[in-house]
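This is what each chain is made of:
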Amino acid sequence: MKSSNATSDKAIARTIKIEGRVQGVGFRPHVYRIALQYNIRGHVKNRPDGVVIHAEGSVSQMDAFMNQLKNVPPAAVIKLITVASVPLSHFNDFRIVSSEPLQKQNTEICPDIALCNDCREELYTINRRKGYPLINCTNCGPRFTLIADLPYDRPLTSMKDFALCPQCAEEYSDPANRRFHAQPISCPSCGPVYSYHANGQNLYDFSVILSQIGHTLENGHALALKGLGGYHLACDATCAAAVQEIRKLKQRDAKPFAVMCRSLKAARQLTLLTDEEATQLNSWQRPIVVVRQRSSELLAPDVTRGLQTIGVFLPYLPLHHLIFDRIRCDYLVLTSANVSETPILCRDEEAMLQFQHLPGGLLSNNRSILRRCDDSVVKLIHHAPMLMRRSRGYVPTPVDLSFNVEGILACGAELSNTFCMGKEKQGIFSQHIGDLKNWETYSFYTENIGELSRIFKFEPHVAACDLHPDYRSTLFAQQSGLPVIQVQHHHAHIAAVMAEYHIEEPVIGLAWDGSGYGTDGCSWGSELLVADYYGFQRISHFEYLPLPGGDLAAREPWRCCLSYLVQAYGSHWNSLRIPFVNQFNTPESLLVYQAIQKKINAPLTSGAGRLFDAVAALTGVCTFNHYLSEAPMRLEELATAHTDDFYPFTGYDRISFRSTFHHLVQDLQKDIDTCIMATKFHNTLAQVALHQVKLACKSTPSRKVVLCGGSFQNRYLTEKIVYLLEQEGFQVYLPRDSSCNDSGIALGQLAVAAHKIQQACV
Ligand code: ZN
Ligand code: ZN
Ligand code: FE
């Protein structure tokens, strides 16, 4: 026994270099604690390229230490560990030593992190921070939203005006403490304070404020409260009048609200949560997760307006927990405090102006929000999260690339805009910005490009943008004074996914969405492109359809439906005996019919989104989009029938849906259940996708298929297509690091521009 132990007791020394997100996330204190735990001697320090440990101990101690090392703090990410054996230096303790002078500044900024379990426990146990709404530590709290400049140090954050009290200072400088070098720490005696303003009264005592807020919510009022990256409006989600009040305040009449649930248990009561969804819900990013409701009776009907899917999330600020402690209901509507489609409100003066007269009042504090950041939204698709909105918790985590993108500013798309900055081999996405058509949003966009460029020491020398001549992001690029590289919309969608997976060779890219400007000036959106970063070949798309009223058609699905019916039946469309014709055989639709016939104000489109619109209108599911993609979302919810049947379609490289519509009309006349029709329609599109991909195989040996574009936020459709393609031996890639809707476009623009620049240089 003794002899076998002898080898493991021999002292050894190693240097361990750890790369990844290991700075500003409590990594060195983590190393320090486990070094003490396993009696490891040596030191740990930050270097520009990561964290470096010199460790000495017995073989068994070293093994245990190395194992524990991998159980990292919540927001830390280890990308690479390099271990080398080195001679013993015979240290007799373990220390955190000062950082090596930075020759090159590290510009990684950590995203904001939800309240950690340790802090949550402290919030409820006797200690000086019990009940303190701004409790945080190295493992949690604000980061991105409070950093004014780099390096990440308290004087360069919005905490600069709050001097640490002696107790906080001691914690801050104690390597064994969870708050060692935690820049935003504070306590009730030295930190920011909350204030509550309602009915001309100003309250500053936090416990009084809390009980007041409790009453306000219980009495069915909405209130404005300051969060991490902006102000929110909150109300009891079970109270119809309160939800109405928020709808009025936001001037948002139909789009569903996300609901914050008291706990995972409450979320399970409300929704049919899978384990994968629960994991996302509980992750340190705490995104809004789009899930299926279990019961629509738990909430006021106005929250989702009949939609079965709902965005839910869990408390991520200490304040959220403290509020739930004061109310009986388990669900709060928590939505950004701004008028629909404008950026989230983050300035205290503006919030004061807008909300101090709110019957429910305004809850604020004196820690400034330096950077807007909305809640992120994810949906589980094919067993992994797909980002529908990449913001709080995810930004500004860079996307690692396999090629250099230094100095390229990718300006993004028009709707759901984000931009992306190229730094060496990383793409750094901005937070969610929104629809640039809106003037306020556009000014947020331009300010934010300046602001993030400054903080990330980013100096653009090329601007990449969409091909659409009227996108505000395109105009911005053209007016920037930089050389401009324009990238076709769907090419960018595909390139974004290629970049994320480090794919260099040509792929089969299926890009389906609402619309994107094509090289022929038409609106594209059902594209099968064989693409690499340098260019693409358009192999197949849906037959062009006149879109009567242009942009208006995106809001009024019945217009697309009429266009498809005219395509399938010509002038006989209005003698069909179906509910749609009964409803729309009106003077207005006759004018629209003439517009289609004469091709007046009816631009051509091949967008997949419009086909969803048309089928939703035909089946009576949705004839008017109250918000973006309402019709496709409602149609997706109905795809629940257990059938693999699909409708016929025709065409080779130009897919025609005339026969699909003939069969849909027949099913309508036979009074077939809408769920069956919706399912068959989805299955049809899955077969179309398979057809398009197989056709591409004639032009490329690649078996790699990229799915991208907003249509793949449709879970049923995406999973069906993935299943069909995998059965045929294709490898399918879905966007995970970037969003599959237009907010992911900027990454693709970055990738294409980088390769075109490189090509031009060779
Ligand atoms: Zn914490
Ligand atoms: Zn303090
Ligand atoms: Fe798109």
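Residues numbered from 1 in each chain as written. Chains lettered and ligands numbered in written order. Predicted model: local features only at pLDDT ≥ 70, side-chain atom pairs only at ≥ 80, totals over all residues. Heavy atoms only, no water.

### Describing the coordination of the iron ion (ligand 3)
At step 1: In the first shell of the iron ion (ligand 3), the protein supplies His489 (NE2), His493 (NE2), Asp513 (OD) and Asp742 (OD), at 2.0 to 2.3 Å from the metal.
At step 2: Given four donor atoms and angles of 90 to 167° at the metal, the environment of the iron ion (ligand 3) is assigned as irregular.
At step 3: In primary-sequence terms, the residues that donate to the iron ion (ligand 3) follow H-x3-H-x19-D-x228-D. Of this pair, histidine 489 and histidine 493 both sit in helix H14 (residues 489-500), four residues apart, which is roughly one turn of the helix. Considered together, histidine 489 and histidine 493 belong to a single accessibility category, that of buried residues. (Donors = N, O, S within 2.8 Å, 3.2 Å for Na, K, Ca; no water. Tetrahedral: all angles 85-135°; square planar, octahedral: opposite > 155°, others 65-115°. Helix = DSSP H or I, 4+ residues; strand = E, 2+ residues; numbered from the N terminus. Buried < 20%, exposed > 50% of the residue type's maximum accessible area, 1.4 Å probe, protein only.)

### Points about the domain arrangement of the protein chain
At step 1: Structurally, the protein chain comprises domain 1 (4-96), domain 2 (393-505 + 738-761) and domain 3 (546-686).
At step 2: Each of domain 1 and domain 3 has a C-alpha centre, and these two points are 62 Å apart. (Domains from an automatic or database assignment.)

### Here we look at the packing of helix H6 (residues 206-218) against helix H10 (residues 318-325)
At step 1: One way to put it is that H6 packs onto H10 with a least axis distance of 9 Å and a crossing angle of 60°. Handedness of the crossing formed by H6 with H10: right-handed. Along the contact surface, H6 presents Phe206, Leu210, Ile213 and Leu217, while H10 presents Leu319, Leu322 and Ile323. (Axes fitted to C-alpha atoms, helices over the stretch in contact; angles between N-to-C directions. Left-handed = near helix turned anticlockwise from the far one by under 90°. Contact = heavy atoms within 4.5 Å.)

### Comments concerning the sheet that holds strand S17 (residues 399-400)
At step 1: With mixed pairing, six strands are arranged side by side in an open sheet as S17-S20-S19-S18-S21-S22. Edge positions in the sheet fall to S17 and strand S22 (484-487), since each of these pairs with one other strand and no more.
At step 2: Of the strand pairs in this sheet, strand S21 (residues 462-466) and S22 are connected by four bridges, and their pairing is parallel. Paired with cysteine 465 across the bridge in S22 is glutamine 486. (Pairing = 2+ DSSP bridges.)

### Quick look at helix H4 (residues 117-124)
Because each turn of an α-helix spans 3.6 residues, side chains separated by three or four positions in sequence point in the same direction.
At step 1: The set of residues buried in H4 consists of Cys119, Glu122 and Leu123. Around the axis of H4, the buried residues are gathered within 105° of arc, so they sit on the same side. Of the exposed residues in H4, the ones pointing more than 90 degrees away from its buried face are Asn117 and Glu121.
At step 2: Residues of H4 that are buried sit in contact with H10. (Arc of directions from axis to C-beta.)

### What about the pattern of salt bridges?
At step 1: Under the defined criterion, the tally for this structure stands at 34 salt bridges.
At step 2: Taking the shortest distance from any N to any O, the salt bridge between arginine 454 and aspartate 149 comes out at 3.4 Å. Of this pair, arginine 454 sits in helix H12 (residues 439-455) while aspartate 149 sits in the loop between H4 and helix H5 (166-173); the two residues are 305 residues apart in sequence, bridging distant segments of the chain.
At step 3: Two residues, glutamate 350 and arginine 347, come together in a salt bridge whose shortest N-O distance is 3.7 Å. (Salt bridge = Lys/Arg side-chain N within 4 Å of Asp/Glu carboxyl O.)

### What about the nonpolar core?
At step 1: Counting residues in hydrophobic clusters, the biggest one holds 72 residues, and the most contacted among them are Trp512, Leu565, Phe580, Phe661 and Leu707.
At step 2: Per-element accounting of this core gives the leading share, 11 residues, to helix H22 (residues 674-696).
At step 3: The next biggest cluster of nonpolar side chains, apart from the first, holds 67 residues, and it includes Ala55, Leu203, Phe206 and Val377. (Core = buried A, V, L, I, M, F, W, Y, C linked by side-chain atoms within 4.5 Å.)

### What to know about the coordination of the zinc ion (ligand 2)
At step 1: For the zinc ion (ligand 2), the protein coordination sphere consists of Cys165 (SG), Cys168 (SG), Cys187 (SG) and Cys190 (SG), at 2.3 Å.
At step 2: Angles of 105 to 117° at the metal separate the four donor atoms of the zinc ion (ligand 2), which places the site in the tetrahedral class.
At step 3: Sequence spacing of the donor residues for the zinc ion (ligand 2), all on one chain, is C-x2-C-x18-C-x2-C. Highlighted residues: cysteine 165 in the loop between H4 and H5 and cysteine 187 in the loop between H5 and strand S6 (194-198), separated in sequence by 22 residues.
At step 4: Its relative accessible area of 1% is what places cysteine 187 among the buried residues.

### Some words on the pairing of strand S20 (residues 426-429)
Remember that side chains alternate between the two faces of the sheet whenever the strand is regular.
At step 1: The alternating pattern of S20 places Gln426 and Ile428 and Gly427 and Phe429 on opposite faces, both of which are buried.
At step 2: Pairing of S17 with S20, which is carried by two bridges, proceeds in the antiparallel orientation. Bridge assignment links aspartate 400 to a residue of S20, and that residue is glutamine 426.
At step 3: Bridge analysis of strand S19 (residues 420-423) against S20 gives four bridges, and the strand direction is antiparallel. The residue of S20 that forms the bridge with glycine 422 is glycine 427.
At step 4: Between S19 and the antiparallel strand that follows it, S20, lie two residues; glutamate 424 among them carries a positive phi value of about 50°.

### Description of the packing of aromatic side chains
At step 1: The tally for this structure, following the rule as stated, stands at 17 aromatic pairs.
At step 2: Considering the side-chain rings of tryptophan 512 and phenylalanine 542, the 5.4 Å spacing of their centres and the 65° angle between planes classify their relative orientation as edge-to-face. Here tryptophan 512, found in strand S23 (residues 507-517), pairs with phenylalanine 542, found in strand S25 (residues 536-542); they are 30 residues apart in sequence, far enough to count as distant.
At step 3: Tryptophan 512 gets classed as buried once you look at its relative accessible area, which sits at 0%.
At step 4: Seen in terms of ring centroids, tyrosine 564 and phenylalanine 661 are 4.8 Å apart; in terms of plane orientation they differ by 5°. Their pairing is stacked. Taken together, the residues span a long stretch of sequence, with tyrosine 564 in helix H16 (residues 557-569) and phenylalanine 661 in helix H21 (residues 658-669) at a distance of 97 residues. (Phe/Tyr/Trp six-rings, centres within 6.5 Å; stacked < 30°, edge-to-face > 60°.)

### Remarks on the environment of asparagine 448
At step 1: Secondary-structure assignment places asparagine 448 in helix H12.
At step 2: On the basis of relative accessibility, which here comes to 4%, the residue asparagine 448 falls in the buried class.
At step 3: The spatial distance from the C-alpha of asparagine 448 to the C-alpha of threonine 700 is 41 Å, given a sequence separation of 252 residues.
At step 4: For asparagine 448, the contacting residues outside a window of four places in its chain are Phe419, Ser430, Gln431, Ile433 and Ser453.
At step 5: At 3.0 Å, the side chain of asparagine 448 and the side chain of glutamine 431 are in polar contact. (Polar contact = N/O pair within 3.5 Å; in protein donor to acceptor, adjacent residues only side chain to side chain.)

### Focus on the packing of helix H2 (residues 27-37) against helix H3 (residues 59-69)
At step 1: Remark: H2 packs on H3, axes separated minimally by 10 Å, with the N-to-C direction vectors making an angle of 150°. In this view, H2 runs roughly antiparallel relative to H3, as classed from their interaxial angle. Handedness of the crossing formed by H2 with H3: right-handed. Counting all contacts with H2, which are made through His30, Val31, Ile34 and Ala35, the residues of H3 involved are Phe65, Gln68 and Leu69.
At step 2: Across the contact of H2 with H3, the residue classes tally to five nonpolar, two polar and no charged. (Parallel < 35°, antiparallel > 145°, perpendicular 65-115°, else oblique. Nonpolar A, V, L, I, M, F, W, Y, C, P; charged D, E, K, R; others polar.)

### Description of unusual backbone geometry
At step 1: Here the amide bond leading from leucine 150 into proline 151 is cis, since omega sits at 0°, within 30 degrees of zero.
At step 2: Relative to the helices and strands, proline 151 resides in the loop between H4 and H5.
At step 3: Between valine 395 and the following residue, proline 396, the backbone shows a cis peptide bond with an omega angle of 10°.
At step 4: Its location among the elements puts proline 396 in the loop between strand S16 (384-389) and S17.
At step 5: A positive phi is found at histidine 383, a non-glycine position, where the angle reads about 70°.
At step 6: Structurally, histidine 383 can be placed in the loop between strand S15 (377-381) and S16.
At step 7: We note that lysine 457 has phi near 50°; this positive angle belongs to a residue other than glycine.

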